[in-house]
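# Working through the structure, step by step
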Amino acid sequence: EAKARKKGSVSVYDQSLREMVERRLTLENDLRDAIGKGEITPHYQIQVDLVTGAVVGVEALARWHHAQLGPIPPDEFIPIAEASGQIVDIGKHMIACACKDALRLPPNVQVAVNLSVIQIMQGEIMETTADALMATRLPPDRLKLEVTESVMMADPKQPIAVLSELRYLGVSLALDDFGTGYSSLSYLTTFHWDEIKIDRAFVNDLDTDSIGLSVIEAVLVLAKKTGAKVVVEGVETHKQLELLQGTGCDIGQGYFFGKPVPIDMACAQIREINKALPGQPLPARRKDK
Ligand code: C2E
Ligand code: MG
Ligand code: MG
Ligand code: MG
């Protein structure tokens, strides 16, 4: 009897494993013409200046709507695309879309695109970025590229050379998800980042203890020394926002401000927020002495 039970549980395991492998193969296969079929599109999530309340940026996040399976989350299909090399085409598509969509945003709003380590190491990223900027005539300082600290892990010499070339093009560079994985404080200083994005795990922690806050404050000190702006990811509640404003973080991103949405909705969100903002103060030099 025990043997039969054991046998049974093994076959259930086999079956779910087989289903996982099959889904993965299906996704990898269908990813091949997903761009051509228009199934992969960017959504945009607004980023807000924590002092003025103004929208200063949007982050482009890839969405895949599979014809049969419905929406596939990026945490599922990006790793598959990285393993198969298809991330290069997806990345190219995302940069092209983001540069085109950025033209519809106010000129003081930057658009950020996520890069995979594969794109950095593979060698086409300079050409891809330059092509997208030329095709759209988007000023390079409107585009920001986000990389995670995993690019710095093995041998940072090559990624730093690539990032420096991209910087030379005039685009901004952000270190994404800081504090996850094998974080090292040296990643903050081995390259001159325009922006450090603190992972939402630390913002989450704000609700339960003060460790999150201490980490955020420590990163802030280092980031300010290097001149980088600090973005906090995953702001969901007003309480979190208040705590973060007290720390001196520059920019917030999260469901509290808005979820990732199609470009039309992002434009509407930005119009709505900017309409509600108080009038801009006069420049200092115009003030009566
Ligand atoms: P990421 O770059 O760190 O993007 C932020 C993720 O956090 C997004 O998940 C966003 O929807 C989610 N998020 C934002 N605010 C909140 C919040 O308040 N609460 C919670 N719980 N989540 C929040 P998403 O869109 O599922 O993307 C997941 C990851 O997939 C991204 O993390 C990025 O690493 C990767 N990814 C997405 N699009 C691309 C792409 O075009 N290229 C590459 N290479 N990676 C991408
Ligand atoms: Mg990102
Ligand atoms: Mg992130
Ligand atoms: Mg992430």
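Keep in mind that what you see is a predicted model, and the values were worked out from it rather than measured.

Within the protein, the secondary structure is distributed over eleven helices and nine strands. Dimensions of the protein, computed from the C-alpha atoms along their principal axes, are close to 90 × 50 × 40 Å. Of all 289 residues assigned to the protein, the portion counted as buried reaches 42%. In the protein, 69% of the contacts between residues at least 6 apart in sequence involve partners at least 24 apart. Accessible surface, the protein: about 15,700 Å² in total, of which carbon and sulfur atoms supply 57%. The averaged location of the 39 negative side-chain charges in the protein is 3 Å from the averaged location of its 31 positive side-chain charges.

This next bit is on the site of ligand 1. Within the structure, ligand 1 sits among 23 residues, and Arg 63, Asn 114, Asp 177, Glu 236 and Tyr 255 are positioned closest to it. In the environment of ligand 1, an oxygen atom lies 2.9 Å from a nitrogen or oxygen atom belonging to the side chain of Asn 114. Between ligand 1 and the protein, one listed contact pairs an oxygen atom with a side-chain N or O atom of Asp 176 at 2.9 Å. Protein chains shield 85% of the accessible area of ligand 1, which is 800 Å² for the free molecule. Elements that contribute at least two residues to the shell around ligand 1 include exactly β2 (55-66), α2 (74-84), α3 (87-102) and β6 (172-178). At four residues, β2 tops the list of elements feeding residues into the shell around ligand 1. For the shell around ligand 1, the per-class residue count stands at ten nonpolar, five polar and eight charged.

Before going further, it helps to spend a moment on helix α10 (residues 238-247). Considered for burial, the residues of α10 that qualify are Gln 240, Leu 241, Leu 244 and Thr 247. What you see down the axis of α10 is that its buried residues fit within an arc of 115 degrees, all on one side. Buried-residue contacts for α10 involve α8 (200-205), α9 (211-226) and β8 (229-232). Downstream of α10 by a residue or two, Gly 248 has a phi angle that is positive, lying close to 95 degrees.

Counted under the stated rule, the structure contains three aromatic pairs. Taking the centre distance of 4.9 Å and the plane angle of 70 degrees together, the rings of Phe 191 and Trp 193 count as edge-to-face. As far as the burial class goes, Phe 191 and Trp 193 line up, both buried.

Our focus in this paragraph is α2. It helps to recall that an α-helix has 3.6 residues per turn; residues three or four apart then point in one direction. Looking only at α2, the buried set comprises Phe 77, Ile 80 and Ala 81. Buried residues of α2 fall within an arc of 100 degrees about the axis and therefore sit on the same side. Every exposed residue of α2 that faces more than 90 degrees away from the buried side is listed here: Asp 75 and Ala 83. The positive-phi residue at the C-terminal boundary of α2 is Gly 85, with phi of around 90 degrees.

Only Glu 59 (OE), Asn 114 (OD1), Glu 146 (OE) and Asp 176 (OD) from the protein reach the magnesium ion (ligand 2) as donors, at distances of 2.1 to 2.2 Å. Written as a sequence motif, the donor arrangement for the magnesium ion (ligand 2) is E-x54-N-x31-E-x29-D. Here the magnesium ion (ligand 2) and the magnesium ion (ligand 3) are spaced 3.9 Å apart, linked through Asp 176, which binds each one. Here Glu 146, found in strand β5 (residues 143-148), pairs with Asp 176, found in strand β6; they are 30 residues apart in sequence, far enough to count as distant.

This brings us to the pattern of salt bridges. Enumeration over the complete set of coordinates arrives at twelve salt bridges. Between Glu 39 and Lys 37 there is a salt bridge, and its shortest N-O distance comes to 3.9 Å. Across the salt bridge formed by Arg 104 and Asp 264, the nearest N and O atoms sit 2.7 Å from each other. Taken together, the residues span a long stretch of sequence, with Arg 104 in the loop between α3 and β4 (110-114) and Asp 264 in helix α11 (residues 263-276) at a distance of 160 residues. A relative accessible area of 46% means that Arg 104 is categorised as partly exposed. One network of salt bridges, with partners in common, ties together Glu 59, Glu 146, Lys 197 and Glu 233.

A separate point is unusual backbone geometry. Positive phi is not limited to glycine here, since Arg 137 has a value of about 60 degrees. Examined against the element boundaries, Arg 137 turns out to sit in the loop between α5 (125-136) and β5. Even without being glycine, Asp 177 reaches a positive phi, approximately 55 degrees. For Asp 177, a relative accessible area of 23% puts it in the partly exposed group.

This part covers the confidence of the model for the protein. Predicted confidence across the protein gives a mean pLDDT of 90, with 93% of residues reaching 70 or more. Taken over the whole predicted complex, pTM reads 0.92, whereas the ipTM for its chain interfaces reads 0.99.

Conventions used here
Residues numbered from 1 in each chain as written. Chains lettered and ligands numbered in written order. Predicted model: local features only at pLDDT ≥ 70, side-chain atom pairs only at ≥ 80, totals over all residues. Heavy atoms only, no water. Helix = DSSP H or I, 4+ residues; strand = E, 2+ residues; numbered from the N terminus. Buried < 20%, exposed > 50% of the residue type's maximum accessible area, 1.4 Å probe, protein only. Contact = heavy atoms within 4.5 Å. Areas by Shrake-Rupley, 256 points an atom, 1.4 Å probe, with all protein chains shown as cover. Lys, Arg positive; Asp, Glu negative; His and termini not counted. Charge placed at Lys NZ, Arg CZ, Asp CG, Glu CD. Near = heavy atom within 4 Å. Polar contact = N/O pair within 3.5 Å; in protein donor to acceptor, adjacent residues only side chain to side chain. Nonpolar A, V, L, I, M, F, W, Y, C, P; charged D, E, K, R; others polar. Arc of directions from axis to C-beta. Phe/Tyr/Trp six-rings, centres within 6.5 Å; stacked < 30°, edge-to-face > 60°. Donors = N, O, S within 2.8 Å, 3.2 Å for Na, K, Ca; no water. Salt bridge = Lys/Arg side-chain N within 4 Å of Asp/Glu carboxyl O. pLDDT = per-residue confidence, 0-100.

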